[in-house]
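Take a look at the letters that make up each chain.
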Amino acid sequence: MLTSIKANKLQYESQKIGMMYFRVAIILFGAQLLMGLIAAIQFLYPNFLFEVFDFNVARMVHINALVVWMLYAMIGSVYYMLPDETGREVVAPGLAKLAFWVLTAAVAVVVLVYIFIQVGPGKESTIWFINEGREYIEAPRWADIGIVVVVLIFYFNVFATYMKGQKTGIMTVLVADLFALAGLYLAGIFYTDNISVDQYWWWWVIHLWVEATWEVFVGALAAYGLVKILGAKREIVEMWLWIEVLMLFGSGILGLGHHYFWIGTPEYWWEIGALFSSLEPVPLVAMFVHVLYDWGKEQGHCEAEGGAHAINNGPAMAWIATNAFGNFLGAGIWGFFHTLPQVNIYTHGTQFTSSHGHLAFFGAYATILIAMMYLGVQGAYGVKNLKATKLSKWAIVLIVLGILGMTVALTIAGYEQVLVERAELGGTWEAYFIAQNLPWYVQAQGWRLTMGVVTFIGFVLLVVDLLTIGAKEAAEEQGSATTAGAAAA
Ligand code: HEM
Ligand code: HEM
Ligand SMILES: [Fe+2]
């Protein structure tokens, strides 16, 4: 029975292309987690895979895979929602598929080079062929140029489809936002040998992605998801979206200053960074309220109408709700903790930063992108009401528990660094190593590894669920349709 049910219910090429991107995204997500586990073991046992698979390589692949899987899932989400929003097929599906294969081949080559060729002198040619040396976006220049070409094709497709199709508020925001998102990547490509200038521009990509353009993107996805899953009213959802966009750009752009405190930029960035980045949690609260408000309103409606089922995709809705909480906690609260220069002078570059990095990336982005994958599965199998299975529940519980556990552990390690390494011992080179060997730090790293394993188990369950839930529920719906048909006859 199950085997006869195929994932071929998508009518648009655009949505099928979206699913291709989702598949690569989830594979890279798995690779990211494995690399994280290797790096976490090396924190505790520095000899683990020493000179075979070094920490710098594991860490680099961990965070680059993170960025790349999220970009894949973001592109996938756009291709998936494009026909729903514009009411038509993407203008050039053939070109989109070609771009997908070119990008995927390039990513494979870059990852192999990351893994096998990272030792040796840094020369002009290494920037072109090995590694550009910019954290999170280390791809060598040849790949950068390839990425720009692929993104131009993607953008052309989105823009031209938008121009020819119906123009919803969600699509208008997306089209404008993607332009800024793609444009900012250029700031991370050119090279200067002055490290302050280099960092200055690098943050244009890193900060203005995650705290401005990616956040707006998430606002658009949440709006689309709420319309799709709850049947939320478009006017209300889009009104929220415009408010969020205004606030996100209002605080996020100059909030950039919180990365300019100590890199050799003028001191006025202390005040600018402190003020605007402190305002950044405000839009995150708005996004949080937005999701809970719409959800609560729909539930109220249903109860009034006799309790009919309002949510037509349980797992996706659970992940969107997790997104609202996670974004607020990871970016808003954990970000705010260390954003004032008076605090940041102590916490800068400690495990505290890492705790914020983990909770924010997971809470704000991983969650909503997983929700989009569940929407994709629902569409692919033509399931009317995708209910959460046992696996969906275990997956979300274990992943969230694991990430929260890692965050708490790293926060404790960071706290120890602030007290011992920075405040007491004055932040010297020697102090750094003393602090790393004290019990609080070592135990915290042990817990991080343990909770990392919990996260990984949750991830495996998530993959199994994504691969099986569609066929299972389609079979159930077919089954109950047949029984209902038989009863009627
Ligand atoms: C989803 C949004 C966000 C993500 C994904 C994110 C992620 C990160 C990451 C990965 C880093 C470390 C960068 C590095 O390697 O040096 C970082 C640093 C930082 N983030 Fe965020 N962040 C977000 C939002 C915020 C917000 C809203 C605030 C403030 C309210 C904030 C405040 C900071 C500060 C102050 C640092 C510098 C830490 C240091 O000095 O070591 N972040 N963020
Ligand atoms: C199996 C679970 C995971 C483990 C064991 C793990 C482990 C690690 C380790 C050891 C580092 C290097 C930290 C350092 O240099 O001090 C790291 C960095 C990082 N990881 Fe993970 N990670 C995991 C999952 C994730 C997830 C799910 C995300 C995001 C969605 C993530 C995002 C990051 C980021 C942004 C950094 C750079 C942080 C910074 O420099 O501040 N990791 N991770
Ligand atoms: Fe930032």
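Residues numbered from 1 in each chain as written. Chains lettered and ligands numbered in written order. Predicted model: local features only at pLDDT ≥ 70, side-chain atom pairs only at ≥ 80, totals over all residues.

Points about the domain arrangement of the protein chain
Then, in step 1: In terms of domain boundaries, the protein chain breaks down into domain 1 (1–166) and domain 2 (358–475).
Then, in step 2: On a C-alpha basis, the centres of domain 1 and domain 2 stand 20 Å from each other.
Then, in step 3: Across the contact, 25 residues belong to domain 1 and 25 residues belong to domain 2.
Then, in step 4: At the level of elements, α1 (13–44) and α2 (55–86) are the ones that each hand at least two residues to the side of domain 1 that touches domain 2. (Domains from an automatic or database assignment. Contact = placed C-beta atoms within 7 Å. Helix = DSSP H or I, 4+ residues; strand = E, 2+ residues; numbered from the N terminus.)

Describing unusual backbone geometry
Then, in step 1: At L49, a position not held by glycine, the phi torsion is positive, near 55°.
Then, in step 2: If you trace the backbone, L49 turns up in the loop between α1 and α2.

What to know about the environment of L284
Then, in step 1: Here L284 is to be found in helix α10 (residues 281–304).
Then, in step 2: Overall, the presence of 28 C-beta atoms within 10 Å leaves L284 in the buried class.
Then, in step 3: C-alpha separation for the pair L284 and E244, spaced 40 residues apart in sequence, amounts to 8.2 Å.
Then, in step 4: Ignoring any residue separated from it by four or fewer positions in sequence, one finds L284 in contact with N327, F328, A331 and G332. (Buried ≥ 20, exposed ≤ 12 C-beta atoms within 10 Å, placed from the backbone.)

Section: the environment of G250
Then, in step 1: Position of G250 relative to the elements: it lies in helix α8 (residues 234–255).
Then, in step 2: Overall, the presence of 16 C-beta atoms within 10 Å leaves G250 in the partly exposed class.

Section: the site of ligand 2
Then, in step 1: Around ligand 2, 20 residues are found, and the nearest of them are G36, A39, G357, F361 and G452.
Then, in step 2: Among the elements of the structure, α1, α2, α13 (351–381) and α16 (439–488) are those that each provide at least two residues to the shell around ligand 2.
Then, in step 3: By residue number, the principal contributor to the shell around ligand 2 is α13, which donates seven residues.
Then, in step 4: Residues that form the shell around ligand 2 fall into these classes: eleven nonpolar, eight polar and one charged.
Then, in step 5: Counting contributing residues per domain, the shell around ligand 2 is built from domain 1 (1–166) and domain 2 (358–475), each supplying no fewer than three. (Near = placed C-beta within 6 Å. Nonpolar A, V, L, I, M, F, W, Y, C, P; charged D, E, K, R; others polar.)

Digging into helix α11 (residues 314–337)
Then, in step 1: With 24 residues, α11 extends 33 Å between its outermost C-alpha atoms, agreeing within 8% with the 34 Å of an ideal straight helix rising 1.5 Å per residue.
Then, in step 2: Taken as a whole, α11 carries its principal kink of about 25° at G326.
Then, in step 3: In terms of burial, α11 is largely enclosed, as 17 of its 24 residues are buried. (Expected span 1.5 Å × (residues − 1). Bend = angle between axes of the 7 residues up to and from the residue.)

Things to note about the packing of α1 against helix α3 (residues 93–116)
Then, in step 1: For the pair α1 and α3, the least separation of the axes is 10 Å and the interaxial angle reads 10°. As summarised for this structure, α1 and α3 are arranged roughly parallel, according to the angle between their axes. Seen from α1, the contacting residues are E13, S14, I17, M20, Y21 and V24; seen from α3, they are P93, A96, K97, F100 and T104.
Then, in step 2: A breakdown of the residues in the contact of α1 with α3 according to their chemical character gives seven nonpolar, two polar and two charged. (Axes fitted to C-alpha atoms, helices over the stretch in contact; angles between N-to-C directions. Parallel < 35°, antiparallel > 145°, perpendicular 65-115°, else oblique.)

Observations concerning the environment of V218
Then, in step 1: Residue position: V218 is located in helix α7 (residues 195–230).
Then, in step 2: Measuring from C-alpha to C-alpha, the distance between V218 and Y365 comes to 7.3 Å, with 147 residues separating the pair along the chain.
Then, in step 3: Not counting the four nearest positions on each side in its chain, V218 is found in contact with A364, Y365 and I368.

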